[in-house]
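Residue-level listing of the chains:
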Amino acid sequence: MKKVAEIDLGRNKQQGAKSNLKKQMKGFRYFIYILPFLVLCFIFSYYPLYGWRYAFYDYKPPLQLSQCAFVGFKWFKMLFANPTQVSQLIKVMENTFGMSGLTLLTSVFPVAFAIFLSEIKCKWFKNIVQTLTTLPNFISWILVYSVAFSLFSTTGMVNSLLLHHGVISEAIKFLDSDSHTWLKMLLWNTWKGLGWGSIMYLAAISGVDQELYEAARVDGANRFKLMRYITLPALLPTFFVLLMLSVANILNNGMEQYYVFQNSFNKAHMQVLDLYVYNVGMTGASYSLATALSMMKSIVSVVLLVVVNVVSKATRGESII
Amino acid sequence: MKKELKLPQKKKPVHTSDVVFNVINYAVFAIFTIICVYPFYYLVINTISANDLSAAGVINFLPQKLHIGNYVEVLKLNGLGDAALVSLMRTVIGTTATVLASAFLGFMFTQSRMWARSIWYRFIVITMYFNAGIIPMYITMKNLGLTNNFWVYVIPAVVQPFNIILVKTYIESIPKELQEAAEIDGAGIFKIFGKIILPACTPILATVAIFAAVAQWNSFQDTLIYITDQKLYSLQYLLYSYINQASSLATLVKNSTNIGAVANLATQQTATSIRMTVSVIVVLPILFIYPLFQRFFVKGIMIGSVKG
């Protein structure tokens with residue numbers, strides 16, 4: 001009570017200054033309380049950036065960095081000058097852009113999923129569909145692979161069914177082959193993410209003013225016109241935000257999916273940038289080259305994000321980050 | 001309610017195009033839903049059916065000759081107990097740490113008195129948009145002594161910008177008078193946090209907890225990169241190694257089971273049965289938890305999207 005009175009009335013200059021100091025002390029104490037977390041954040045997010053210096057050395061793991069030769073931009077030059085490196089990098093970038101491109105193209109699927117699902121009037125059916133189709137999003141890629149292995153390996157369910165009924169005479173190699181690798185990855189991605197991806201759109205649909213539909217119906221619009229001219233436009237803002245974010249993330253396919261599905265047969269079409277960095281760094285043990293790669297990738301990603309944000313601000317008047 | 005439902009139906013003439021559309025629409029969603037669920041069902045029925053039938057590939061729709069031998073045997077597998085413990089511990093400890101830290105930081109960042117508050121807030125939030133890459137992270141962890149250390153699962157996950165944003169946004173929607181009243185009564189910041197803010201934020205904290213728990217349980221990459229000690233493998237990683245060395249596994253199980261026992265094809269472990277059984281054990285917590293907490297997941301993604 002006393003303190004509040006002091007602050008509110010501020011009768012006495014001295015007292016006012018005193019409480020001001022007290023307030024500052026309190027503000028500083030609050031800062032001390034969060035300091036441990038700031039330190040954690042620094043250690044695990046900012047400090048690793050200092051590790052980029054490994055990209056400028058010829059780092060050989062058991063040695064200390066100070067014992068290794070400083071090579072300047074050697075690794076960066078090698079990535080763009082050494083013919084085998086260049087062809088490998090081109091292949092990797094093709095895969096990265098190919099799979100990201102397919103994901104971008106199919107980003108309309110969740111929109112369609114939401115629009116059509118909202119046309120289903122039977123409530124329990126809708127709920128079941130929503131619950132069960134979002135489930136795969138919450139299992140790990142390891143389990144997806146285990147599922148894939150059970151169903152599609154040469155002794156898996158699909159092959160034994162087809163063999164049993166005489167459709168094929170020899171097991172089809174779904175997993176151990178390089179045919180349609182991008183498409184298969186896209187399908188697994190869709191299986192895992194479609195239901196979950198539609199949730200935001202479903203919520204947007206439930207937020208649409210019902211009077212809009214009533215009014216349009218009175219004007220003689222049929223069901224398909226309602227979907228086309230009311231529901232769809234209501235989803236576009238969300239769609240564009242998500243689309244821009246995926247454009248900004250075009251280099252970040254993540255590596256887990258591709259890591260678990262990769263094998264010696266499909267490696268040529270499987271290695272996306274994230275996986276390539278891992279393969280070069282952790283299994284090839286070329287730490288410096290991998291660091292140079294991730295460094296470039298991070299910088300390009302941040303630049304992309306900033307560009308996309310500027311575009312978004314210019315076209316929609318809203319920033320996305 | 002009834003009136004609302006009946007009126008439009010009576011008024012509206014039924015078009016054939018409408019009927020066709022409905023039929024196709026229902027059918028497509030039914031098929032996709034089955035595609036989403038069937039693989040899990042397939043795994044479960046194959047683990048509880050006789051193993052010789054399962055290996056012959058005849059268990060596709062209904063389980064036959066039920067037995068739980070697979071589960072009993074798999075639990076005897078070397079390493080599975082350790083891995084289950086590691087996964088459980090990282091989920092419990094990691095989730096608790098993430099939730100408490102997100103709640104505390106989210107709350108502290110609503111305190112306008114904090115010195116240079118917006119700078120520190122940005123300092124944390126901006127880390128969502130960049131990362132150093134696998135190798136620099138690995139070297140950092142190694143220097144910190146976190147490789148082959150259980151705490152690598154927990155400590156780096158404590159400060160999570162996205163969760164902090166979620167909690168902060170939520171706390172900002174709680175009336176400020178609550179805190180002010182407590183301050184007048186002489187409560188300190190920790191008391192306010194523990195007695196007022198934490199209980200008031202339960203819905204959003206439940207959301208954060210459920211996402212954090214699923215992420216911890218499913219995490220695989222950290223084991224792959226930072227852990228070589230078998231004792232610290234998580235269930236996910238163990239499952240991955242089981243898939244890759246399936247054939248050597250069956251022998252491992254055969255050796256671990258009673259040598260004197262007569263081999264019974266129906267209950268004898270095969271590489272496939274082990275892999276499927278472990279898969280079911282790994283996925284079961286998610287299958288149980290997900291339908292119960294679905295609304296929290298949905299809420300989480302919605303609040304997150306509002307903030308953008």
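Note on numbering: residues in each chain are counted from 1, in written sequence order. Note on labels: chains are lettered from A, ligands numbered from 1, in written order. Where local features are concerned, this predicted model is filtered to residues with pLDDT of at least 70; where side-chain atom pairs are given and counted, the filter is 80 or more; whole-chain, interface and lining totals use all residues.

J.: What is the right way to look at the overall build of chain B in this model?
T.: The secondary structure content of chain B amounts to 15 helices and 0 strands. Within chain B, the proportion of its 308 residues that are buried is 38%. Within chain B, contacts between residues separated by at least 24 positions form 77% of all contacts whose residues are at least 6 apart in sequence. A run of H or I in DSSP becomes a helix once it reaches four residues, and a run of E becomes a strand once it reaches two; helices and strands are each numbered from the N terminus. Each residue is classified by how many other C-beta atoms fall within 10 Å of its C-beta atom, where C-beta atoms are placed from the backbone; a count of 20 or more means buried, 12 or fewer means exposed, and values in between mean partly exposed. Any two residues are considered in contact once their C-beta atoms, placed from the backbone, lie within 7 Å.

J.: Would you mind going over the nonpolar core with me for this structure?
T.: One broad trend across soluble globular proteins is that nonpolar side chains are buried collectively. For our purposes the nonpolar core covers buried Ala, Val, Leu, Ile, Met, Phe, Trp, Tyr and Cys residues that link as a set through C-beta atoms within 7 Å. Residues Tyr145 of chain A together with Val167, Val208 and Leu239 of chain B are the most contacted members of the largest nonpolar core, which totals 115 residues. Residue contacts for Tyr145 of chain A: discarding those within four places in its chain leaves Val260 and Phe261 of chain A together with Ile243 of chain B.

J.: Even after reading the chapter, I still don't get the interface of chain A and chain B, so can you show me in this structure?
T.: Interface size is often expressed as the accessible area that is lost when the parts come together. In this assembly, 72 residues from chain A lie in contact with 64 residues from chain B. Amino acids are sorted into nonpolar (Ala, Val, Leu, Ile, Met, Phe, Trp, Tyr, Cys and Pro), charged (Asp, Glu, Lys and Arg) and polar (every other residue, Gly among them). When its residues are assigned to classes, the side of chain A that touches chain B shows 51 nonpolar, 15 polar and 6 charged.

J.: What is the right way to read the environment of Tyr153 of chain B from this model?
T.: All names here are of chain B. Along the chain, the position of Tyr153 falls in the loop between α7 (134–143) and α8 (161–172). You can call Tyr153 buried: it has 24 C-beta atoms within 10 Å. Remark: the alpha-carbon pair of Tyr153 and Asp222, spanning 69 residues in sequence, is separated by 7.1 Å. Apart from residues no more than four positions distant in its own chain, Tyr153 is found in contact with Arg90, Gly94 and Asp222.

J.: Even after reading the chapter, I still don't get the confidence of the model for chain B, so can you show me in this structure?
T.: When pLDDT is low, close inspection of the predicted coordinates is not appropriate. All names here are of chain B. Looking at chain B, pLDDT values average 83 and 86% of them are 70 or higher. Within chain B, helix α1 (residues 2–11) has the poorest average pLDDT of any element, 47, and helix α5 (residues 80–108) the best, 94. pLDDT: the predictor's confidence for each residue, scored from 0 to 100. Per-residue pLDDT stays below 50 along residues 1–10; that stretch engages in 0 contacts with residues further than four places along the chain or on separate chains. Under the prediction, the complex receives an ipTM of 0.84, its pTM being 0.85.

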